[in-house]
Amino acid sequence: MSFDQARGARAAGAGQLDTTSDPTPDATGDTATDAMPGSSGRRPGTWAALRPLLLRLHFYAGVLIAPLLFVAAATGLLYAGSWQAEKILYSDQLTVDGVGDSTLTLGSQVAAAKRAAPQGSVTAVWPAPEADATTRVIMESPGLAEGETLTVFVDPYTAEVRGKLTTVGDAPPLRAWLSEFHASLQLGEFGRNYSELAASWLWVVALGGLALWIGRRRTRKALLALPDRAATGRRRTLSWHGSVGVWLAIGLVGLSATGLTWSKYAGENVGELKDSLGGATPAVSAKIGGSAAGAAGGDHAGHVMTEGMEGMEMPPAPVDNVDIDQAVVLANSAGVTEYLRITLPAKGKGYVIKEQDKQVPVHLDAVSIDPADGRVIDELRFADYPLLAQLTRFGIDLHMGLTLGLVNQLALALLAVLLMCTIVWGYRMWWLRRPTKERRLSAGRPQPRGAWRKLPVALLLPLAAATAVVGWFLPLLGISLVAFLAVDVLLGFTAARRSRKAEGV
């Protein structure tokens, strides 16, 4: 869409703003009250020089990227609600009819699952995490897509099979579908570009808007974070857009950062940066007979788990045959006890038993056990994760609505709704700034070109260098920014030619 063509017939040439309604309206509908250079000829201050550039960037990013942000917010809202929706939709599979006095062995529960799905090959078991929950037996099964598994839900008290679902990770069909819809609009690898582009620009739009809003002079400091109820028209819309944006800024930057960690292009750069800073996420080793235990294990690595276990009730562990129930007892004795996920032994590998309770306080310790003699191959404590790895784990889980459970999910839903409202207010301001006196079908005008020429060289050079680095680190941001600049230059050239023709030059 040509924004400069929407300026209509102008008597003053290209780049002239319409000043019929406000002294100096900007791209967000703001009225510039910052200290600007006067007739004295003095160079403008840093903020006065930088502000027009931010206005133009915020305008173009808001108009062109906001549709992607709106879609990401809407699909994210659906995903945030899926956690509670699945409890209703899949209640038969996820819960039992009644809580019994004692649970059956995991071995008998796995056997029941195998009878219900004889075509499947069991790869993992998730024991019931709550008293009224079912045990999940995870299987590889013919006919499933990559990344999908067949999950059989078993009553831990009776071994009754409560149902079977095709799952992705821990996600039943509804949440799995909405997760992919949020990430790629169900368009595969090509669709992932939309979410990465939205995440790449979200922090730019949020921080740029925050700077513009804070940079305004106002008579009451409360209007920084609260809408001006006395304002009318476009100023009222601006007040809501800016004040709500202040409250959203931290959350939006957090969503942008965590979303980029598993994006296609930027995610690779984020991972490499983390690794170079020593923040790679460690993993427990399950290799039998290797040297991983000595290198990565804890105090118990390479030792038989018998010390301090004399008074514990546990099934005997015959040599060369540690079954799943015995493996769980051994893991419990190593302190791995909460919300377990048990990966069964494969060729050359032992049991891997991990905690997956991601709610605060988290329980994410892991241990691997040799199925032949019960020795601990390796163990890993979440407390031993590098700080960057811990922060990444917390950030991703907050993004997914896990860390604080229902509170987290409600906060994400509110954030999504308010972001959509902020986008609508932004478009409304753009619409209200259209030059209706010149033509009926028109659009709001952006900040005039050439703002970068007003920047001092001491600020322009570092800013250009930082932009280049960010554009390389976030490739879709860099490519789209170059595209914006190319289109802007082309539109400016076209507008200048039309202006010269109109003047008879």
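Overview of the structure. (Residues numbered from 1 in each chain as written. Predicted model: local features only at pLDDT ≥ 70, side-chain atom pairs only at ≥ 80, totals over all residues. Heavy atoms only, no water.)

Attention now goes to the packing of helix α1 (residues 46-89) against helix α4 (residues 173-184). Two elements in contact, α1 and α4, have axes separated by 9 Å at closest approach and are oriented at 175°. Taken together, the axes of α1 and α4 are roughly antiparallel relative to one another. Packed against α1, whose contacting residues are Ala72, Thr75, Gly76, Leu78, Tyr79, Ser82, Trp83, Ala85, Glu86 and Leu89, the element α4 presents Leu174, Arg175, Leu178, Ser179, Phe181 and His182 at the interface. Of the residues assigned to the contact of α1 with α4, the class counts are 9 nonpolar, 5 polar and 2 charged. (Axes fitted to C-alpha atoms, helices over the stretch in contact; angles between N-to-C directions. Helix = DSSP H or I, 4+ residues; strand = E, 2+ residues; numbered from the N terminus. Parallel < 35°, antiparallel > 145°, perpendicular 65-115°, else oblique. Contact = heavy atoms within 4.5 Å. Nonpolar A, V, L, I, M, F, W, Y, C, P; charged D, E, K, R; others polar.)

Here we come to the nonpolar core. If you look at the biggest cluster of nonpolar residues, it comprises 29 residues, and the most contacted ones within it are Ile65, Leu69, Trp201 and Leu252. For this core, the secondary structure elements donating two or more residues are α1, α5 (188-214), α6 (233-261), α11 (406-432) and α13 (475-502). Considering each element in turn, this core owes the most residues, 9 residues, to α5. (Core = buried A, V, L, I, M, F, W, Y, C linked by side-chain atoms within 4.5 Å. Buried < 20%, exposed > 50% of the residue type's maximum accessible area, 1.4 Å probe, protein only.)

Spatially, 8 strands are ordered β4-β3-β2-β1-β5-β6-β7-β8 in an open sheet, and the strand pairing comes out antiparallel. Both edges of this open sheet fall to β4 (161-167) and β8 (376-380), since each of them pairs with a single strand only. Taken over all neighbouring pairs, the strand axes of this sheet differ in orientation by 20° on average, direction set aside. Contacting β1 (121-126), β2 (135-140), β3 (149-154), β4 and β5 (340-343), helix α3 (residues 106-116) runs over the sheet at an angle of about 50° to β2. (Pairing = 2+ DSSP bridges.)

Bridge count between β1 and β2: 5 bridges; the pairing is antiparallel. Residue pairing in the sheet places serine 121 in a bridge with glutamate 140 of β2.

What follows covers unusual backbone geometry. Residue proline 361 is reached from valine 360 by a cis peptide bond, and omega for that bond is -5°. As for its placement among the helices and strands, proline 361 is situated in the loop between β6 (351-355) and β7 (366-369). Of note in this structure, alanine 159 is not a glycine but carries a positive phi near 65°. For leucine 185, which is not a glycine, the phi torsion comes out positive at approximately 60°.

A few words now on the pattern of salt bridges. Summed over the entire model, instances satisfying the criterion amount to 11 salt bridges. Aspartate 228 is paired through a salt bridge with arginine 220; the nearest N and O atoms lie 3.8 Å apart. Across the salt bridge formed by arginine 375 and aspartate 373, the nearest N and O atoms sit 3.1 Å from each other. Residue class for arginine 375 comes out partly exposed when judged on its relative accessible area of 35%. Owing to a relative accessible area of 32%, aspartate 373 belongs among the partly exposed residues under this scheme. Overlapping salt bridges, with partners in common, bring together Glu86, Asp170 and Arg175 in one network. (Salt bridge = Lys/Arg side-chain N within 4 Å of Asp/Glu carboxyl O.)

Moving on to the environment of alanine 72. Along the chain, alanine 72 turns up in helix α1. Ignoring any residue separated from it by four or fewer positions in sequence, one finds alanine 72 in contact with His182, Tyr194 and Ala198.

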